[in-house]
Amino acid sequence: MTRLFNDPTEFADEMIDGFVAANSNQVRRVAGGVVRSTRTPNGTVALVIGGGSGHYPAFGGIVGQGLAHGAAMGNLFASPSAQQVESVATAANRGGGVLLSYGNYAGDVLHFTQAEQKLNAAGIPTRTVVVTDDISSAPIAEKHKRRGIAGDFTVFKAAAAAAEEGYPLDEVVRVAELANERTRSVGVAFSGCTLPGADAPLFTVPQGRMAVGMGIHGEPGIDETDVPTADELARLFVDSLLAELPDGILSPEGQRVGVILNGLGSVKYEELFVVYRSIAALLQNAGLEIVDPEVGELVTSFDMAGASLTLFWLDDELERFWRAPADTPAYRKGSVGSVQQLDPSEVEAAEALVIPEADDASKETAAVVARAIEAIARVVDENVDELGRIDAVAGDGDHGIGMQRGARAASAAASEALALGAGAHTLLELSANAWANKAGGTSGALWGVALSAVGDALGDEGRPAAESVCVGVTAAVDGIMSFGKAEVGDKTMVDALVPFRDTLAREIGGGAALADAWKSAADAATAAAAATADLLPRMGRARPHAEKSLGTVDAGAYSFGLIVQSIAAVLAGTIEGEK
Ligand SMILES: Nc1ncnc2c1ncn2[C@@H]1O[C@H](COP(=O)(O)OP(=O)(O)O)[C@@H](O)[C@H]1O
Ligand SMILES: O=C(COP(=O)(O)O)[C@@H](O)CO
């Protein structure tokens, strides 16, 4: 239960403000997250990490000398946006290129990948290593599908120490990939967590039971047992991890391992030490030599009760990096030597908003678009709880709040752009950025792509014909499908998007007026969204919960249906005051 908060929607931002105020000798705030406030030699590779908030000290808490150069910090349990990642990476860059590293979650992958492309296009060489250490989340043959949990820390630590030693980008990437190959974690949970302002936990574990393999956002585990003794839990952890040795290691005998016993939020340090007592003995009995173990909280899940064990199988080089010093708000080790603070005058100023020229016809179109986006924000507000409920059946329950953050931000950006005289293209582009930026998550990235594609088709000059709207919608669907890689039938928003696009194109091709064509297309989307109840998910967070989701519609398809219906009402002029 989170007790102390103001406006729940401001929680993540206010948390970052306080975190920076408390640690200004190590970090400073930039748009999208934090970077070091201490000097890093020019030419050093910058390690930029990130993810949703709610996992402290991941991710901002481990920015500082010897660890990350910057962290993109998203909303609670939602990935940061591509814009946030790009902004943090640009601020962190010291001319040696950037390594982006984060846990393997769909929203993070979409946003960080988009940021990587933009950074490379802007002349900042950027590479990515995604952490996949959770052995319960997929079989070893599909290691690339595994989630990242406390093993984030070993990969970040190794990559950062390599960068600190002056390794070039390719070599830092090699070290991070090797560290990921040699990191394995297993976790358990005893209870769920409750986000600020929520009146019920995001997920639960039955009283007296333990979910084995449950993820850090409540992703389902592989087994459920009675809560064991501390020694029994230690045995389960060690047996699970020793059953899967990394490639090239034939037996634990004589191997050296870094060890993390990680608390997930509300398990006490004292309990962890009792468990660690047995873990240490079991690992030593198996012939392993433990190097610099960590017992404490490195990747948490708000107030979730649970723990995980991570083994980091060392070679000489990885051991050097694992042992290297670090000085960050949440993690200190050894001595990093003398550190110089950055002069505040070196901190770059934010860029002012520049609105390109637009003609009157496009400004009038922009006004209609702004009304449509306002209607989107309204319909999402009205359905926020229902969207969360649907998403919680098989996803992580945050679709309502994510869509609300995105749609509200897009609507505010649209009003501001309109007041500054923006045309339709510029207004949609600014709204798209605001949506993706504030919402984070998978759907935030996809809605950002969609609005931006429609904006490109409308332009900043002239009144667009119905055909241009159709071109924009087609580009939006293509953009979402090529970005998210989902096909019809995967049980995602694509199942509603495709019939929407096809109906719109058919009706407009047949000479229908835009408002009528849009309404027919919206009806097709609503029907298709309802039909997703019969499908099994093959993408996103819902994939591992496939069978649970039968009988429930896909959250993203359902919200798409609501949204296009609300726009149909605007186009038909049926919204109050528009007749
Ligand atoms: N690869 C994808 N392509 C298209 N839509 C997707 C994809 N993955 C997930 N979605 C959509 O996103 C919705 C979930 O959005 P949201 O809850 O905001 O994101 P997250 O799962 O990252 O928290 C799903 O219901 C689905 O419609
Ligand atoms: O939940 C997180 C990101 O995943 P989404 O796919 O955006 O929901 C985050 O907490 C981990 O970075």
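Throughout, a residue's number is its position along its own chain's written sequence, starting from 1. The lettering of chains begins at A and the numbering of ligands begins at 1, in the order of writing. Residue-level local features of this predicted model are given only where pLDDT is at least 70; pairs of side-chain atoms are given and counted only at 80 or more, and the full residue set underlies all totals for whole chains, interfaces and linings. The side-chain numbers reported here are obtained from all heavy atoms of the structure, hydrogens and water having been left aside.

(A) Molecular detail of the overall build of the chain. The numbering of helices and of strands both runs from the N terminus, where a helix is a DSSP run of H or I of at least 4 residues and a strand a run of E of at least 2. A tally of helices and strands in the chain yields 17 helices and 14 strands. Reported as C-alpha extents along the three principal axes, the dimensions of the chain are approximately 75 × 55 × 45 Å. Accessible area is worked out with a 1.4 Å probe on protein chains only. A residue is then buried under 20% of its type maximum, exposed over 50%, and partly exposed in between. The 579 residues of the chain split such that 58% are buried. Long-range pairs, those at least 24 residues apart, make up 73% of the contacts in the chain between residues at least 6 apart in sequence. Entry remark: accessible area of the chain is about 22700 Å², with carbon and sulfur atoms responsible for 53%. Asp and Glu count as negative and Lys and Arg as positive, but His and the ends of the chain are not part of the count. Note on charges: their place is set at NZ of Lys, CZ of Arg, CG of Asp or CD of Glu. Across the chain, 43 positive and 76 negative side-chain charges occur, with their mean positions spaced 3 Å apart. By the convention used here, residues are in contact when the closest approach between their heavy atoms is within 4.5 Å. Computed with a 1.4 Å probe, the accessible areas rest on the Shrake-Rupley method; for each residue, only the protein chains presented here act as cover.

(B) Local environment of the confidence of the model for the chain. Known as pLDDT, the predictor's per-residue confidence is scaled from 0 to 100. Across the chain, pLDDT averages 94, with 96% of residues at or above 70. Below a pLDDT of 50 lies the segment residues 575-579, which in the model reaches 8 contacts outside its immediate sequence neighbourhood of four places, other chains included. Overall fold confidence (pTM) sits at 0.87, and the ipTM for the predicted complex is 0.94.

(C) Examining the packing of helix α6 (residues 230-242) against helix α7 (residues 269-285) more closely. Interaxial distance between α6 and α7 falls to 8 Å at its minimum, and their mutual angle equals 45°. When the axes of α6 and α7 are compared, the pair comes out oblique. As α6 packs across α7, the resulting crossing turns out to be right-handed. On α7, the residues touching A230, D231, L233, A234, R235, F237 and V238 of α6 are V274, V275, R277, S278, I279, L282 and L283. Note on definitions: angles span 0 to 180 degrees between N-to-C directions of axes, and those axes are lines fitted to C-alpha atoms, for helices only across the stretch in contact. Any angle that is under 35 degrees is reported as roughly parallel, and any over 145 degrees as roughly antiparallel; angles of 65 to 115 degrees are reported as roughly perpendicular and all others as oblique. Here a crossing is called left-handed whenever its near helix is offset anticlockwise from the far helix by less than a right angle, and right-handed whenever the offset is clockwise.

(D) Structural view of the nonpolar core. Membership of the largest hydrophobic core comes to 64 residues, with the highest contact counts inside it found for V34 and L99. Contributions of two or more residues to this core are made by α1 (11-22), β3 (46-53), β4 (70-76), β6 (126-131), α4 (152-164), α5 (169-181) and α8 (316-323). The dominant element in this core, judged by the number of residues it contributes, is α4, at 9 residues. Not counting the four nearest positions on each side in its chain, L99 is found in contact with V45, A46, L47, V48, R127, T128, V129, A159, L169, V172, V173 and A176. In this structure, W447, V469, M493 and I563 belong to the second largest nonpolar core, which totals 62 residues. The term nonpolar core refers to a set of buried residues drawn from Ala, Val, Leu, Ile, Met, Phe, Trp, Tyr and Cys, joined through side-chain atoms within 4.5 Å.

(E) Spatial organisation of the pairing of strand β5 (residues 98-103). Burial analysis of β5 places 6 of its 6 residues in the buried class, which makes it a mostly covered element. Judged by which residues are buried, β5 turns out to be covered on both faces: V98, L100 and Y102 on one side and L99, S101 and G103 on the other are all buried. Inspection of the sheet shows β3 paired to β5 by 4 bridges, in the parallel sense. Along β5, the bridge assignment pairs A46 with V98. Here, a strand pair is defined by DSSP locating no fewer than two bridges between the strands. Where β5 lies against β6, 6 bridges are found, and the strand directions are parallel. The residue bridging Y102 from the neighbouring strand is V130, located in β6. With its strands directed away from the observer, a crossover is right-handed exactly when the path from the first strand over the helix to the second travels clockwise. Following the chain from β5 across helix α3 (residues 106-121) to the adjacent parallel β6, one finds a crossover that is right-handed.

(F) Geometry of the pattern of salt bridges. By convention in these notes, a salt bridge is any Lys or Arg side-chain nitrogen within 4 Å of a carboxyl oxygen on Asp or Glu. Taken as a whole, this structure holds 30 salt bridges when the rule is applied. The residue K145 makes a salt bridge to E142 at a minimum N-O spacing of 3.3 Å. By relative accessible area, K145 is classed as partly exposed at 33%. Residue E142 is classed as partly exposed on the basis of its relative accessible area, which comes to 29%. When the shortest N-O distance is used, the salt bridge between R332 and D327 registers 3.0 Å. Note on R332: relative accessible area 58%, which makes it exposed. A relative accessible area of 24% means that D327 is categorised as partly exposed. Each member of the salt-bridge network shares a partner with another, and the members are R256, E289, D292, E319, R323 and K333.

(G) Structural context of the site of ligand 1. Residues are counted as near a molecule or strand when any one of their heavy atoms sits within 4 Å of it. Taken together, 18 residues lie around ligand 1, and T442, S443, G484, M493 and D554 are the ones closest in. Note that an oxygen atom of ligand 1 is positioned 2.6 Å from one of the side-chain N or O atoms of T442. In the model, a nitrogen atom of ligand 1 is placed 2.8 Å from a nitrogen or oxygen of the G484 main chain. Listed by contribution, the elements that provide at least two residues to the shell around ligand 1 are α13 (441-458) and α17 (555-571). Per-element tally for the shell around ligand 1: the top contributor is α13, with 4 residues. Note on residue categories: nonpolar means Ala, Val, Leu, Ile, Met, Phe, Trp, Tyr, Cys or Pro, charged means Asp, Glu, Lys or Arg, and polar means any other residue, Gly included. Tallied by class, residues from the shell around ligand 1 come to 7 nonpolar, 7 polar and 4 charged. By the criterion applied in these results, polar contacts are pairs of N or O atoms within 3.5 Å in which, for protein atoms, one can donate a hydrogen and the other can accept it, and in which residues neighboring in sequence qualify only through two side-chain atoms.

(H) Representation of the sheet that holds strand β1 (residues 27-30) in the model. Pairing in this open sheet of 6 strands is mixed, and the strands run β1-β2-β4-β3-β5-β6 from one edge to the other. The sheet is open, and its two edges are formed by β1 and β6, each paired on a single side. The mean angle between the axes of side-by-side strands here comes to 25°, regardless of whether they run parallel or antiparallel. Pairing of strand β2 (residues 33-36) with β4 involves 3 bridges; the strand directions are antiparallel. By the bridge assignment for β4, G33 is matched with A72. Packing against the sheet, helix α2 (residues 82-92) makes contact with β1, β2, β3, β4 and β5, and its axis sits at approximately 160° to β4.

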